[in-house]
Amino acid sequence: MLTAGLLAVSGITALSSAARAADADLARNGGFESGLDNWSCTAGTTVSSPVHSGGSALQATPAGSDNAQCAQTVTVQPGAQYTLSGYVRGSYVYLGASGTGTTDVSTWTQSAPDWQKLTTTFTTGASITKVTIYTHGWYGTGAYYADDISLVGPGGSTGQPPAVPTGLKTGTVTSSSVGLSWTAVTGATSYAIYRNGVKVQTATGTSATATGLTPSTAYSFQVTAVNDAGESAKSAAVTATTAGSSGGSTDLPTHALVGYLHASFANGSGYTRLADVPDSWDVIDLAFGEPTSATSGDIRFNRCPVTECPNVESDADFKAAIKAKQAAGKKVLISIGGANGQVQLTTTAARDAFVSSVSNIIDTYGLDGLDIDFEGHSLSLNTSDTDFKNPTTPVIVNLISALKTLKARYGAKFVLSMAPETFFVQMGYQFYGTGKFGGQDPRCGAYLPVIYALRDDLTLLHVQDYNSGPIMGLDNQYHSMGGADFHIAMTDMLLTGFSVAGDANNVFPPLRPDQIAIGMPASTNAGNGYVAPAEVTKTLDCLTKKTNCGSYATHGTWPAMRGLMTWSVNWDRFSNWEFQKTFDAYFG
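This structure is a prediction, so every number in the text was calculated from the model and none was measured.

With that settled, the discussion passes to the layout of surface pockets. In this model, the second largest pocket occupies a volume close to 500 Å³. If you go around the second largest pocket, you meet 27 residues; those closest to its centre are Thr-42, Asp-66, Gln-430, Lys-436 and Ala-501. Residue assignment for the lining of the second largest pocket shows that the elements contributing at least two residues are β3 (44-47), β27 (498-500) and β28 (503-508).

Right under this line is the structure:
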C-alpha cells in the first residue's frame, strides 16, 4: 500500500510537471525589443530608457479621448488557465485581457514611480481560441511605460507560418518613394517589408509604398508573410533606384536665409524697399497675395499704397529690383495667405481660379515661384478624411492639384515653399483631424497630406516655430517656445518622420535635410517665440553637428539642413539686422 501510494503521488507529480512543461509564454515581443511588432498601439513608441530589462520598453501617452492602449491577439486553448503579467511605470496603468469567454480581467496601479509588476489570471471559455491582452493608461495622466509583458499558459493550435511570398515587383518610383506589390499568400494575416535587409514597415494587403528614400539611390526590397504561427522566410529581392530630386534643383545655396518682405503693408516695422534688402537674404517671400474672398480662389497682389508706405517704390522700380535680385542669384517668391488671407479652395472652379490668378502674378512680376502660407481656417479635414496619404477633403485635394499644375507649368526651376504653423504639422503626431472618436479640431495635422503629396516638388518647408502652443516631440514630452529645445524638437520631427495620431503603422516620412529651414521670429516685435542669437546657434549646432544640444536627444545629424527662415525682413531691419547677422556669423 505504501509503495503504491508513493507511486500514485509520484505519478501525480509527474503529471503535474508535464502539464506545467506544456505551458509557454504566448505574448509575442512582450519586451518590445522588436519595436511595436505584434502590438497595435493608438499612441505608443519604444524607448531605450527607462527599461525593466533588455534594451527597449513601451512608452505611450494618453491624450484627449485616447487612453493610449497597446494590444495584441494571442491564440489560446479553450477551458485553460492563463497568467498575465507585466512591469509598468507611471500613474493609472492597466494590464488586462478581453475576449476570454468567461470573466474578462484587468489589474492596475494608481502610481508606480518605479517598475511595478502587475499580475492577473483568467480561464478561457469552452469555445475560445483567441484572447486579446492589452495595457493602457488613463485619460490626461501623462506617459506610462510597460515592459516584459507575458501570458503564460498552454499554447493554442497556431498551425504553420505562411509560405514565402512570390511575385514581388516594383511599381511607381519617385525621388523619395518606391511602390511595391506581391502575390497574396494563403493564411497570411499581414506582411512585413524589408529594405536593405531591415524591416521597415508592415502591410495588411498585397501592396505598399516605401517612403522617405534618398534621391538617386539604389535600394533592395524583400517581403515576408505573417500569421499567428510566425513569419515566413524572406522573398526573393527586387531592386529599385529612386529618381533624381526635382524639388531641389532650384540653384539655392547650400545654406539659405529666407525672409518675408512686407510688400503689401507696412505695420509697425516700416516699409523696406526690395532694392534695400541686403544680399544675405537668399529667398525673399513677398507678403502677401490674398483672395478676393475666402472661397473664390482668385488671388490678388496689391502693393502697399503710398498713403501707408510713403517710401514705396514705383512698379517699374519694384520689377527692376526683382530682376536685380535674380541676377545676384536670389529667389523672389509671391507668398499667398498670411494671418488675414484665408484661402479655401472648396471647388474645382476655385482651384482653377487659383492657378490662373497666381500664374498671372508670377508672370506679371517675373517671380521665381510660390510660397504657401495658409493659416487660420484655410485648411481643415472632413470627418471621414483620416488617411493623410489619400486625402478626400476638397480644400486639400484642390490645393494639391493646383500646386502640381503650377509646378508642371513652370518646370524644375520653380521654387515651391510652405510655411505652415506647428498646429498643422507636428501636432499631427498626436492628433489628426477630428480623430477616431470625433471632437478634435479638424485642422490638426491638416498640412500633412499637402506636404506628403508634394514632397518631390517641394523646395522648402519652413514651419513657423512661433505663435505656437506646447507641442509633443518624438520623446513624447511637450515642448514650449522660448529656447533652442523647441526648435530642435520640432525640426527633428520633420527630419526623422513620425507616426500620425499615434499609429505606428501610419508614418509621415522624413523630408530631405535640404528641404528644411527653421522658421523663427526676427525679434520680440515680430511674434511670440523669439529666441536670442545664442539659442539660434545652439539649435544649429545640435541639428547640424549634434553638439551643444540640450535635454532633447535628436535622431540624427543633418549638416545639409538648408537654413533659417524669419518673419520678417522688415522686423529684422527694425532690430538692426540681428537675425541676419546671426545667420551670416554661423554659415559665413
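Glancing now at the nonpolar core. Counting 108 residues, the largest nonpolar core has Leu-286, Phe-354, Leu-370, Leu-403 and Met-418 as the members making the most contacts within it. With 8 residues, the top contributor of residues to this core is helix α6 (residues 484-496). The contacts of Leu-286, once residues within four sequence positions are left out, are Leu-261, Ala-263, Phe-301, Phe-318, Val-332, Leu-333, Ile-334, Ser-335 and Leu-367. Within the second largest apolar cluster, 30 residues are counted, among which are Leu-58, Leu-84, Ala-97 and Tyr-144.

The end-to-end C-alpha separation of helix α3 (residues 348-365) is 26 Å, in line with the 26 Å expected for 18 residues at 1.5 Å each. All of the buried residues along α3 are Ala-350, Phe-354, Val-355, Ser-357, Val-358, Ser-359, Ile-361, Ile-362 and Tyr-365. Looking at the residues trailing α3, positive phi occurs at Gly-366, about 65°.

Opposite charge on two side chains makes pairing possible when the charged atoms of those side chains draw close. This structure, assessed with the given rule, holds 14 salt bridges. Linking Glu-313 and Arg-303 is a salt bridge whose minimum nitrogen-to-oxygen distance equals 3.2 Å. Here Glu-313, found in the loop between β20 (299-300) and α2 (315-327), pairs with Arg-303, found in the loop between β20 and α2; they are 10 residues apart in sequence, far enough to count as distant. Pair check on accessibility: Glu-313 and Arg-303 agree, each one buried. One salt-bridge network, in which partners are shared between bridges, spans Arg-303, Glu-313 and Asp-315.

For α2, which comprises 13 residues, the first-to-last C-alpha distance of 18 Å matches the rise-based estimate of 18 Å (1.5 Å per residue) to within 8%. Listing the buried residues of α2 in full gives Phe-318, Ala-321, Ile-322 and Lys-325. Down the axis of α2, the sector holding all buried residues measures 105°, keeping them to one side. Seen from the open side of α2, the exposed residues pointing more than 90 degrees away from its buried face are Ala-316, Lys-323 and Ala-327.

Let us now look at the sheet that holds strand β11 (residues 178-181). Ordered in space as β10-β11-β14, the 3 strands form an open sheet in which the pairing is antiparallel. Edge positions in the sheet fall to β10 (169-173) and β14 (207-210), since each has one partner strand and no second. In this sheet, adjacent strand axes meet at a mean angle of 25° when their direction is disregarded. Two elements, β11 and β14, share 4 bridges in a ladder whose sense is antiparallel. Residue pairing across strands places Leu-180 opposite Ala-208, the latter belonging to β14.

Further remarks concern the state of the cysteines. One pass over the structure, following the stated rule, counts 3 disulfides. Covalent S-S linkage joins Cys-542 and Cys-549, the inter-sulfur distance amounting to 2.1 Å. Because the torsion about its S-S bond is 100°, the bridge between Cys-542 and Cys-549 counts as right-handed. The exposure class of Cys-542 is buried, given its relative accessible area of 0%. On the accessibility criterion, Cys-549 (33% relative accessible area) is partly exposed. Cysteines bonded in the chain are numbered consecutively along the chain; their disulfide partners then correspond to 1-2, 3-4, 5-6.

Reading the values: rules and limits
- Residues numbered from 1 in each chain as written.
- Predicted model: local features only at pLDDT ≥ 70, side-chain atom pairs only at ≥ 80, totals over all residues.
- Heavy atoms only, no water.
- 1 Å grid on protein atoms, 1.4 Å probe; cavity = no way out; pocket = protein on both sides within 12 Å on 5 of 7 lines; lining within 4 Å.
- Points joined across faces, edges and corners; volume = space filled by probe spheres on them.
- Helix = DSSP H or I, 4+ residues; strand = E, 2+ residues; numbered from the N terminus.
- Core = buried A, V, L, I, M, F, W, Y, C linked by side-chain atoms within 4.5 Å.
- Buried < 20%, exposed > 50% of the residue type's maximum accessible area, 1.4 Å probe, protein only.
- Contact = heavy atoms within 4.5 Å.
- Expected span 1.5 Å × (residues − 1).
- Salt bridge = Lys/Arg side-chain N within 4 Å of Asp/Glu carboxyl O.
- Arc of directions from axis to C-beta.
- Pairing = 2+ DSSP bridges.
- Axes fitted to C-alpha atoms, helices over the stretch in contact; angles between N-to-C directions.
- Disulfide = S-S within 2.5 Å.

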